[in-house]
Amino acid sequence: ISGFLTVYHHKSSGAPGILSFCLILRPFISARSRTSACTRVSMRAAVFVALFLGVFVSLLKDAAGRQFTEEDMETVRQRIKSMFYHAYNSYLDNAFPYDELRPLTCDGQDTWGSFSLSLIDALDTLLVLGNRTEFQRVALLLQETIDFDIDVNASVFETNIRVVGGLLSAHLLAGRAGVDLEPGWPCSGPLLRMAEDAARKLLPAFQTASGMPYGTVNLLHGVSPTETPVTCTAGVGTFILDRLTGDATFENAARRALRALWKTRSEIGLVGNHIDVVSKKWVAQDSGIGAGVDSYFEYLVKGAIMLQDEELLNMFLEYNRAIQNYTRFDDWYLWVQMHKGTVSMPVFQSLEAFWPGLQSLLGNLDSAVRTFQNYYSVWRQFGGLPEFYSIPQGYTVDKREGYPLRPELIESAMYLFRATGDHTYLQLGLDALESIERIAKTPCGYASVKDLRDHQLDNRMESFFLAETIKYLYLLFDPAHFLHGGGMEEVGSWEEGGEGGQCVLGAGGFIFNTEAHPLDPAALYCCSRHAHDQQELRHILLNLSQPYHKPLPTPTEGPPPGQSESIALKSGQRKAAPLLSCPVQPFSARLAILGQIFTDNT
């Protein structure tokens, strides 16, 4: 231990490693040895730590000290718009109809299924930035060109969050974009039908004995007989949000998968990151909050909020207790063995940066802020978040040095700024904007960073750069945006929808799916109620169409004069339902056909 710690001390390049190392040792060595070893590290590194922390705290004070005016934020918003249109127009000019832009060679490639994916993913971002005209053009273009009846193997997870989520979000925002809406919107519409078509193509993947889906499905032929049954945890538990049709098939499939996954957690309450959906055995038993797991926890929280679902919230809270107990060290979250809780990978992954934002939704602000500052220190070290960052060494992990322009830290900054009003998070946004402009900009868009150490670029611009990174960055600097519940009533802060305009939509409380596509809980409830009413109507009409032969009961002797008939039931007696009645509810929701109101005697 002593020799290893000495080597560690000389190679360490950042205070986070020194500060966290003693905690990382905790599962492996005795308290006495740990105290001795940590004392030696502390003595040898004391001067280094003091110098590093002095510089680091000074930097954070500078960041926290700047206050952004509305004019400052407007200037930044214009820069973000310029970034978006440079990327978006480069995709249209050089890559459409392929899925993604290759910015170094100025051409395109299909990656996730040949859906013109970047266009679908960017559609709601157009409206977020205020471009109604281009939104209308692209919405019509997608209706005319996209066909899901194709012989393509597609990722169930990616198709759901990017394609289904993107189309649902665009459908819900279509009214604000000035699109002519069908009667009954948001429960009907061409983009909604496209989303439902895509979602139905994914349903064969859920036809397993466990209910947990395969990771890949052929859109024309279903699941291949040779398809691997191994998929990631997030690929099982990231489906509960993207639903709007009122058809219970989709929610039932998502819930069945969630409950099956819940039953596979370890005796200490953790899950791994890859599972065999047929045998229900864990193939990869590393447990953490990052790659392969992240959006599972995200959807438990957001699903609980959107659906007001106590079951989902209780699932997350139990997981969270285990996560805090076994994986959290000094406000970092490590990877541990799911059955034993011992550290397996003392690394921070860039995908974990969503966690402070998720914690803020639950009100855990103190913990969220401290974890965010840890992650922000990594950003300032490299000008981006490497895919893997070794906490003990304070440096990147070999072959995981890249930054594909991910949004997670910016996403957390947006949530934390909304929760605290602290302009430190605006400074992170400005840092991100300037880093991406300086490092990743090319004549044909923005390129993923292959290596943050020397800023080598990779020939790929992922669709989430348009869907998430830029959207969260813009919303961070636009606190009055309608997605935050801002705007004045006279300019349309809410909309009418549903049959007869019964539903109030867009009044606030939007929930972002894991691809940053905003969904309105009010629309979900509006369409669920509409579907329920339609089902009730069909049931009643079916009953009316059946002949009724049972004779009416013979009147019995009434109560004595001057005495009311008792409404109390005798022991063992059950109240008979009337032939047909309408419960107390708004008139527009009562049973009415061609103006006729059906009564008990009809």
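None of these values were measured; they are calculated from a predicted model.

### Quick notes on the sheet that holds strand β12 (residues 343-345)
The strand order across the open sheet formed by three strands is β8-β11-β12, and the pairing between neighbours is antiparallel. Each having just a single partner strand, β8 (286-287) and β12 make up the two edges of the open sheet.

### A closer look at unusual backbone geometry
Going from Phe-96 to Pro-97, the amide bond is cis rather than trans, its omega being 10 degrees. In this fold, Pro-97 is placed in the loop between α4 (70-94) and β1 (100-102). Note that the residue after Trp-185, namely Pro-186, is joined by a cis bond; omega there is 15 degrees. Positive phi outside glycine occurs at Asp-330, with the angle close to 55 degrees. Mapped onto the secondary structure, Asp-330 falls in the loop between β9 (328-329) and β10 (332-333). With phi around 70 degrees, Lys-399 is a residue other than glycine that occupies positive phi space. Looking at where Lys-399 falls in the secondary structure, it is placed in the loop between β15 (395-396) and α15 (408-420).

### Looking at the state of the cysteines
Enumeration over the complete set of coordinates arrives at three disulfides. Two residues share a disulfide in this structure: Cys-106 and Cys-444, whose sulfurs sit 1.9 Å from each other. Taking the torsion about the sulfur-sulfur bond, which here is approximately 95 degrees, the covalent link between Cys-106 and Cys-444 counts as right-handed. Within this pair, whereas Cys-106 is found in the loop between β1 and β2 (107-109), its partner Cys-444 is found in the loop between β16 (441-442) and β17 (445-446), the two being separated by 338 residues in sequence. Residue class for Cys-444 comes out buried when judged on its relative accessible area of 8%. The disulfide bridge from Cys-187 ends at Cys-527, spanning 2.4 Å between sulfur atoms. Its S-S torsion of approximately -100 degrees makes the covalent link between Cys-187 and Cys-527 left-handed. Placement of the pair is Cys-187 in the loop between α7 (156-173) and α8 (190-202) and Cys-527 in helix α18 (residues 521-544), with a sequence separation of 340 residues.

### So, the packing of α4 against helix α16 (residues 424-440)
In the contact formed by α4 and α16, the axes pass within 11 Å of each other and the chain directions differ by 35 degrees. At the point where α4 passes α16, the crossing takes the left-handed sense. Contacts between α4 and α16 involve Met-73, Val-76, Arg-79, Ile-80 and Met-83 from the former and Leu-426, Leu-430, Leu-433, Glu-434, Ile-436 and Glu-437 from the latter. A breakdown of the residues in the contact of α4 with α16 according to their chemical character gives eight nonpolar, no polar and three charged.

### Things to note about the nonpolar core
In terms of nonpolar packing, the biggest core is built from 162 residues, with Phe-135, Phe-297, Trp-355, Tyr-446, Phe-465 and Phe-477 touching the most fellow members. If one sorts the elements of this core by residue count, α7 sits on top with 10 residues. For Phe-297, the contacting residues outside a window of four places in its chain are Val-271, Gly-288, Ile-289, Phe-316, Tyr-319, Ile-323, Trp-355 and Leu-358.

### Here we look at the packing of aromatic side chains
One pair of aromatic rings is described through two measures. These are the centre distance and the angle between the planes. Taken as a whole and assessed by the stated rule, the structure comprises 27 aromatic pairs. The ring of Trp-262 has Arg-265 sitting right over it, with the charged end atom 3.6 Å from the ring centre. The cationic tip of Arg-400 hangs over the ring face of Phe-388; the distance from NZ or CZ to the ring centre is 5.3 Å.

### With respect to helix α11 (residues 294-307)
Between the first and last C-alpha of α11 there are 20 Å, a value that for 14 residues agrees with the 20 Å anticipated at 1.5 Å per step. Most of α11 is tucked away: 13 of the 14 residues are buried. In the segment just after α11, Gln-308 is the residue with positive phi, at about 50 degrees.

### Some thoughts on the sheet that holds β15
Hydrogen bonds between backbone groups are what pair the strands of a sheet, and the pairing can be parallel or antiparallel. On the basis of which strands lie adjacent, the open sheet formed by three strands has the order β13-β14-β15 and antiparallel pairing. Two strands bound the open sheet, and with one partner strand each, they are β13 (347-349) and β15. Two strands pair when backbone bridges link them, and strand β14 (residues 388-390) and β15 are joined in this way by two bridges, in the antiparallel orientation. Paired with Tyr-389 across the strands is Thr-396, a residue of β15.

### Section: α4
The terminal C-alpha atoms of α4, which comprises 25 residues, lie 36 Å apart, in line with the 36 Å expected from a rise of 1.5 Å per residue. Within the sequence span of α4, burial applies to Met-73, Val-76, Arg-77, Ile-80, Met-83, Phe-84, Ala-87, Tyr-88, Ser-90 and Tyr-91. Where α4 is buried, its residues meet β1, α5 (117-128), α6 (132-145), α16, β17 and α17 (464-476).

Thresholds, definitions, all that
- Residues numbered from 1 in each chain as written.
- Predicted model: local features only at pLDDT ≥ 70, side-chain atom pairs only at ≥ 80, totals over all residues.
- Heavy atoms only, no water.
- Pairing = 2+ DSSP bridges.
- Helix = DSSP H or I, 4+ residues; strand = E, 2+ residues; numbered from the N terminus.
- Disulfide = S-S within 2.5 Å.
- Buried < 20%, exposed > 50% of the residue type's maximum accessible area, 1.4 Å probe, protein only.
- Axes fitted to C-alpha atoms, helices over the stretch in contact; angles between N-to-C directions.
- Left-handed = near helix turned anticlockwise from the far one by under 90°.
- Contact = heavy atoms within 4.5 Å.
- Nonpolar A, V, L, I, M, F, W, Y, C, P; charged D, E, K, R; others polar.
- Core = buried A, V, L, I, M, F, W, Y, C linked by side-chain atoms within 4.5 Å.
- Phe/Tyr/Trp six-rings, centres within 6.5 Å; stacked < 30°, edge-to-face > 60°.
- Lys NZ or Arg CZ within 6 Å of the ring centre and 35° of its normal.
- Expected span 1.5 Å × (residues − 1).

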